[in-house]
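Results of the structural survey
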Amino acid sequence: TSHYTYDTDIYSAYVTFGQKFTKLSYQVGLRFESYKVAANLNYGKDKFDDDYITLYPSAYFTYNLNEKNILQLSYSRRVDRPSLEQTKPIREFSTPLVTSFGNPELRPQFTNSVEVNYTKTLEKGSFTTGIFVRSINDQISRIIYPDESDPSGNKQILTYTNYDSNTAYGFEVSLNYKITKWWDIQPSIDFSSINQQGVVLLSDGTAKSNNVTVAAFNGRMNSNFKATKRLSFLLFGFYRSPVEDVLQEKREMYKMDIGSRYTLLDNKMNISLRFNDVFNTMRYAFDTKYPYPQSGQFTWESQTVYLGLTYNFGGGKIKNLQRKQREDNTSKGGGGMF
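If you're wondering where the values come from, they're calculated on a predicted model, not measured in any experiment.

Comments concerning the overall build of the protein
- Within the protein, the regular secondary structure consists of one helix and 21 strands.
- Taking the principal axes of its C-alpha atoms as reference, the protein extends roughly 65 × 45 × 40 Å.
- Expressed as a percentage of contacts within the protein between residues at least 6 apart in sequence, the contacts between residues at least 24 apart total 59%.
- By element, 55% of the accessible surface of the protein is carried by carbon and sulfur atoms, the whole surface being about 20,700 Å².
- Within the protein, one finds 40 positive and 34 negative side-chain charges whose respective centroids are separated by 12 Å.

Side note on the nonpolar core
- Membership of the largest hydrophobic core is limited to eleven residues, which are Tyr4, Tyr6, Tyr35, Val37, Ala39, Leu41, Phe48, Tyr52, Tyr56, Val79 and Phe110.
- Contributions of two or more residues to this core are made by β1 (4-20), β2 (24-41) and β3 (46-66).
- By residue number, the principal contributor to this core is β2, which donates four residues.
- The contacts of tyrosine 4, once residues within four sequence positions are left out, are Ala39, Asn40, Leu41, Leu84, Thr87, Lys88, Pro89, Ile90 and Pro104.
- Within the second largest apolar cluster, eight residues are counted, among which are Ile144, Leu158, Leu247 and Tyr290.

Some words on empty space enclosed by the protein
- Under the counting rule described, the total for this entry stands at two cavities of 30 Å³ or more.
- Empty space within the largest cavity amounts to approximately 40 Å³.
- Taken together, Glu85, Lys88, Ile90, Glu92, Ser100, Phe101, Gly102, Arg142 and Tyr160 make up the full set of residues lining the largest cavity.
- A breakdown of the residues in the lining of the largest cavity according to their chemical character gives three nonpolar, two polar and four charged.
- As for the second largest cavity, its lining consists of Tyr6, Tyr35, Val37, Phe48, Asp50, Pro82, Leu106 and Pro108.
- Broken down by secondary-structure element, the contributors of at least two residues to the lining of the second largest cavity are β2 and β3.

Describing the packing of aromatic side chains
- On inspection of all chains with the given rule, the structure shows 14 aromatic pairs.
- An aromatic cluster is defined as three or more aromatic residues linked by ring pairs; in this entry it consists of Phe17, Phe21, Tyr26 and Phe61.
- Here arginine 81 stacks its cationic end above the ring of tyrosine 35, 4.6 Å away from the centre of that ring.
- Note that arginine 134 overlies the ring of phenylalanine 132, its terminal NZ or CZ placed 3.9 Å from the centroid.

Re the sheet that holds strand β19 (residues 284-288)
- If you walk across this open sheet you meet the four strands as β15-β16-β19-β20, and the pairing is antiparallel. For this open sheet the edge positions go to β15 (243-244) and β20 (294-298), each flanked by a neighbour on one side alone.
- Across two bridges, the pairing between β15 and strand β16 (residues 248-250) is antiparallel. Bridge pairing in β16 places glutamate 244 opposite glutamate 249.

Re the side chain of threonine 281
- Considering the arrangement of structural elements, one finds threonine 281 in the loop between β18 (269-276) and β19.
- In this structure the side chain of threonine 281 is engaged in a polar contact, spanning 2.7 Å, whose partner is the backbone oxygen of tyrosine 254.
- Ignoring sequence-local partners within four residues, the contact set of threonine 281 consists of Tyr254 and Lys255.

What counts and what doesn't
- Residues numbered from 1 in each chain as written.
- Predicted model: local features only at pLDDT ≥ 70, side-chain atom pairs only at ≥ 80, totals over all residues.
- Heavy atoms only, no water.
- Helix = DSSP H or I, 4+ residues; strand = E, 2+ residues; numbered from the N terminus.
- Contact = heavy atoms within 4.5 Å.
- Areas by Shrake-Rupley, 256 points an atom, 1.4 Å probe, with all protein chains shown as cover.
- Lys, Arg positive; Asp, Glu negative; His and termini not counted.
- Charge placed at Lys NZ, Arg CZ, Asp CG, Glu CD.
- Core = buried A, V, L, I, M, F, W, Y, C linked by side-chain atoms within 4.5 Å.
- Buried < 20%, exposed > 50% of the residue type's maximum accessible area, 1.4 Å probe, protein only.
- 1 Å grid on protein atoms, 1.4 Å probe; cavity = no way out; pocket = protein on both sides within 12 Å on 5 of 7 lines; lining within 4 Å.
- Points joined across faces, edges and corners; volume = space filled by probe spheres on them.
- Nonpolar A, V, L, I, M, F, W, Y, C, P; charged D, E, K, R; others polar.
- Phe/Tyr/Trp six-rings, centres within 6.5 Å; stacked < 30°, edge-to-face > 60°.
- Lys NZ or Arg CZ within 6 Å of the ring centre and 35° of its normal.
- Pairing = 2+ DSSP bridges.
- Polar contact = N/O pair within 3.5 Å; in protein donor to acceptor, adjacent residues only side chain to side chain.

This is the structure we're talking about:
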């Protein structure tokens, strides 16, 4: 039995300023943030505290070449903080060879990103392409090392750590196109060249600095089919290429989802049905040499069926006052290896 608390206090202030001219517009912003965290395991047996103040600048410049061609240059700095599951020191699972738990001393990872994008409006859609450079400091990643408490020397600890740095260069291409009155598609691909640096632990307990440069590719495809005025169908596909990081070589991942939606009562009510991972192909598989050569695979409940019913109250002409949405800035890495 364990008692664990992980308290965070975040105080923020935001300011933005923008102007628009004939063809050029810009917006610059700055976020001031004070962040405090206090972790406490078993009423003071193991404690961790962190307190820092950070500034997050951003800038967006948009130039309209003409009505159908737009260029955009942007810079931003963002933070991804460790999630509760990544910091929780209570055991998540245990097998004859691996015990998994979080790391309360994880630091947030910070990303500086510069992007140049070009958007062209087509007769039946739009096309966007761009290049980017992203630098990540203190990247949050998985690490595996020998369990010193195991007398056999075969068991390992699976947890999280902060790697030194990660620099990625790449491009993205996306298309939104209406092929016919009843069929539209949204394909997108991105390619990155990634350089990572970090420390891995060997089977004899010593540490080694590891530096890798790899290529990564991701592809997605959304297809929407309108069968009738009320009934529509969705087909979604996803693919991630094999990719290496400081610790391991991750094998490819892919899946396909299907869904449908039916509207009634003057479009106020929607009934939706979605079948995720139709062929049950989603899994995380890896090969690694650290702390000794091994291969592994994790599967989870990716094959699910969702049935939803929504009803919109009020007239369609009524617009609610919406507050600007802000990212929660929490790393989405949860349980398991992925």
